[in-house]
Amino acid sequence: MVDVPTDARDAVASESSELASERAYVDVLYARLDALREEKAAQLARVRRTGAIGSLQNQSERDAYATMHEDRLAQLNAVEERLVFGRLDLDAPHAGADADEADDDGVGTTRYIGRIGMTDAEQRRLMIDWRAPEAGSFYQATAFERHGVRRRRHLILKGREVVHLEDDVLDESLLDEVEVHQGEGALLAALTQRRTGRMGDIVSTIQAEQDRIIRSEMKSVLVVQGGPGTGKTAVALHRAAYLLYEHRERLKSAGVLLVGPSQAFMRYIERVLPSLGETGVVMSSIGELMPGVDARAEASAEVARLKGDLRMADVVKRAVANRQRLLAEDRRVVVEGTALTLTQRQVKRARDKARATGKPHNEARSTFVKILVRELAEQLQETLEESSGGGNKADRSYLVEDVRSADDVRLALNLCWMPVTAQHLISQLLSRPEHLVAAAPHLSAAETLALLRPADAPFTEADVPLLDEAAELLGELDSASDRAQSDAQRKRDVELAEASVQATDEMLAENGQDGLVTAEAVLQLNAASGPTTTAAERARADRTWAYGHVVVDEAQELSPMQWRLLMRRCPMKSFTVVGDIAQASSAASTTSWAAALDPFVGDRFRLEELTVNYRTPTQIAEAAARVAQSAGLRVSTPRAVREGQWPPVVERVDPADLLASIRAALPEEVALADGGLVAVIAPRELVDDVWGAAVELFGRRVGSGSGGVEQDIVVTTAHQSKGLEFDVVFLIEPQAMVEEADGGLGDLYVAMTRATQRLRVLAASGVPEGLEA
């Protein structure tokens, strides 16, 4: 029998006691969470059971309560995983402090930090929301600046049970008072865990420099520059959640828009914000920002560059103006058998007056039509009076409608000023050479030819800013007639409401009572009783929605036209911009943040930089930096927090043996991943062949492209991998990847830095300088 030392037995007993204590408290928190869920579910069911009964005001209140309970229940359901993750032990209040000062937040000297705030049935605080000011010291406190924190404890949960404790003792005197528990390191444990194909939050391991940026003021444009693995995306997501918490009143109606580089990236991060207690952020890729348009990636780098040029705004403007045509000569039109003349002068005068209104094309058209219809009606009246001898002055007000509905007139006016949708305008602009040449005189013949495509070609991500620009200049189709119909409907509603109120007043008068309800009040209540939607749902469907704040991830990829689109979405210019200039791979991207933002905000932005690489092991980070620097790129070189188990492996093979080498090496990498996520990143021209080889080996375990991250093994391109991370990266043909990007190193740099554990490179056509140490 082994004799265990007394102090060791005491340590084990102490740890067991501390674990038991923390487990008991966490049990209380989860019990309260379950009780709140049951309470909200019961309240929601009770509201729904009432049905659409009672007054209009009661129905409106019912819908509002239902929405409120649904939102709260969704929040409570989303925070199940790692509900609580931290505890702060604070300095005792100073001598002489009164009870209110000593315990002004109701939690005394011990605070538990979690995903949401929580109180018990008596409204005593059980847990503090990580975004609250009182929780800030959990992330900011150090031994040199304690912020009143004596000990910071990390609670490591598995399911609902505390399995490990880890203490950071910041007050040395505490070492003599309590047992200190050291674990494997909450941060390192999070960094080395296997990837799942979905991004997890970092709320329990936010570092001080990240927290400072997350909690910074919401004013102007904040640019967060950071190299690979510095947590840029995590910072962006946590900042969105923090701003919604801190500025709830300002942002709850306007909303927050979070923009990412691709649909695959948006799926990768979609679970993070709900886990942080927020379900109201609109998350979208650039290609999804035009309602009703499902945009694809732009295949040609040259076409993406041309469409991203800020001069395309003028091209679209000219394309719209070119739809407001003059007559080549006077035109004969027939109305009810009478020939009239529509003159060039009349059309020009009507066009000038319509343009002078400053309204969008489709809305200004009503002015154009009204002027010409009136002038033609006057001409028709004069003709009819002359034909009747000049003495017949009968009322002919009906002639306006006769002119408006005449086929000849409608055709002539449409030829001069046709109503048009943004989709139709851009499709014709890019499919008809005469339209493109007229609107884009700055383009060369070769550039014009590059932009031309079939009229039925699907829209691309580079088209979305053009569509948005066109929609802004065109306005709503038939908006004038819609308003007229709306006005007519409102007039009918007012008449019905007045009749109803009059009948009610007469009934009340018979009983000696006065009526207090007006027709206007009835209309307002009726409008309020319609279906309720959240701000996020309304914003997603409305192209003209003005957001309170916009968060942009991988922002270095945006073209000037895409920036123009986003600036239109937030007139207040309140942005959080996150990216790394060195990772830019788009042909339309920029070389500096100043160059990207100057056309829109000038120098009114502030720059913060993340300096620590949490994802990429030192050996891989150094290799990627060598490759980029060898090509003359200025890259951020954040300090990696850990050494990797493996150095990068570079293997040269004969081109004829490339696929055979992939088949031989891939099983080794999958085995080393040990259940983690493996990415096979290849040039676009090889993706199909590589995917076929992987499927031969692993069948349904292999995914590809935007949906591939749901599988254990994903075959993808460097562009599709942007913003994602994998345990193992198997990189195929790096030199071909560079050549595919016209010599740019951005894609290769991105691909190399996706790995959290291991990087293997298979090269058949050469190795870029710096890749081999």
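Being a predicted model, the structure only gives us computed values, none of them experimental. (Residues numbered from 1 in each chain as written. Predicted model: local features only at pLDDT ≥ 70, side-chain atom pairs only at ≥ 80, totals over all residues. Heavy atoms only, no water.)

Asks: What's the story with the sheet that holds strand β6 (residues 161-169) in this structure? I'm lost.
Replies: The pairing of strands in a sheet happens through backbone hydrogen bonds and is either parallel or antiparallel. Read across the sheet, six strands follow the order β3-β4-β2-β1-β5-β6 without closing on themselves; strand pairing throughout is mixed. Each edge of the sheet is formed by a strand with only one pairing partner; in this case those strands are β3 (118-119) and β6. Taken together, the five bridges between strand β1 (residues 84-90) and strand β5 (residues 149-158) define a ladder with antiparallel strand orientation. Counterpart to L88 in the pairing with β5 is R152. (Pairing = 2+ DSSP bridges. Helix = DSSP H or I, 4+ residues; strand = E, 2+ residues; numbered from the N terminus.)

Asks: Could you clarify how one ought to interpret a positive patch on the surface in this entry?
Replies: On the surface, K353, K359, K370 and R374 cluster together to form a positively charged patch. Structurally, the position occupied by K353 is in helix α13 (residues 344-356). The exposure class of K353 is partly exposed, given its relative accessible area of 42%. (Patch = residues over 30% accessible without salt bridge, like charges linked within 9 Å, V, L, I, M, F, W, Y side chains within 5 Å. Areas by Shrake-Rupley, 256 points an atom, 1.4 Å probe, with all protein chains shown as cover. Salt bridge = Lys/Arg side-chain N within 4 Å of Asp/Glu carboxyl O. Lys, Arg positive; Asp, Glu negative; His and termini not counted. Charge placed at Lys NZ, Arg CZ, Asp CG, Glu CD. Buried < 20%, exposed > 50% of the residue type's maximum accessible area, 1.4 Å probe, protein only.)

Asks: Is there a simple way to explain the packing of helix α17 (residues 422-429) against helix α20 (residues 464-474) in this structure?
Replies: For any two helices packed against each other, one specifies the inter-axial angle together with the distance between the axes. Relative to each other, α17 and α20 sit at 125 degrees, their axes nearing to 8 Å. Between α17 and α20, the crossing angle belongs to the class labelled oblique. The crossing of α17 and α20 is right-handed. Residue-level inspection shows A422, Q423, L425 and I426 of α17 in contact with α20, the latter providing L466, L467, A470, A471 and L474. (Axes fitted to C-alpha atoms, helices over the stretch in contact; angles between N-to-C directions. Parallel < 35°, antiparallel > 145°, perpendicular 65-115°, else oblique. Left-handed = near helix turned anticlockwise from the far one by under 90°. Contact = heavy atoms within 4.5 Å.)

Asks: Please clarify how empty space enclosed by the protein should be interpreted in this entry.
Replies: The rolling of a water-molecule-sized probe over the atoms marks out the regions of remaining empty space. Evaluation of the coordinates by the stated rule reveals three cavities of 30 Å³ or more. A volume near 60 Å³ is recorded for the second largest cavity. As for the second largest cavity, its lining consists of A682, P683, R684, T717, A718, H719, M737, E740 and D747. Counting residues per element, the ones that place at least two in the lining of the second largest cavity are α29 (718-721) and α30 (734-740). Per-class residue counts for the lining of the second largest cavity are four nonpolar, two polar and three charged. (1 Å grid on protein atoms, 1.4 Å probe; cavity = no way out; pocket = protein on both sides within 12 Å on 5 of 7 lines; lining within 4 Å. Points joined across faces, edges and corners; volume = space filled by probe spheres on them. Nonpolar A, V, L, I, M, F, W, Y, C, P; charged D, E, K, R; others polar.)

Asks: What exactly am I supposed to notice about the pattern of salt bridges here?
Replies: Side chains that carry opposite charge are capable of pairing whenever their charged atoms lie near each other. A full pass over the atoms with the stated rule returns 48 salt bridges. Among the salt bridges present, the one from D468 reaches R569, with a minimum N-O distance of 2.9 Å. On the criterion of sequence distance, the pair formed by D468 in helix α20 and R569 in helix α24 (residues 560-569) is long-range, its members being 101 residues apart. Classification of D468 by relative accessible area gives buried; the value is 0%. Accessibility expressed as a relative area gives 3% for R569, which makes it buried. A salt bridge links E669 to R758; the shortest N-O distance between them is 2.6 Å. Taken together, the residues span a long stretch of sequence, with E669 in helix α27 (residues 658-673) and R758 in strand β22 (residues 755-763) at a distance of 89 residues. Three or more residues joined by partner-sharing salt bridges are found here, namely E18, E22, R87, D89, R151, R153 and D167.

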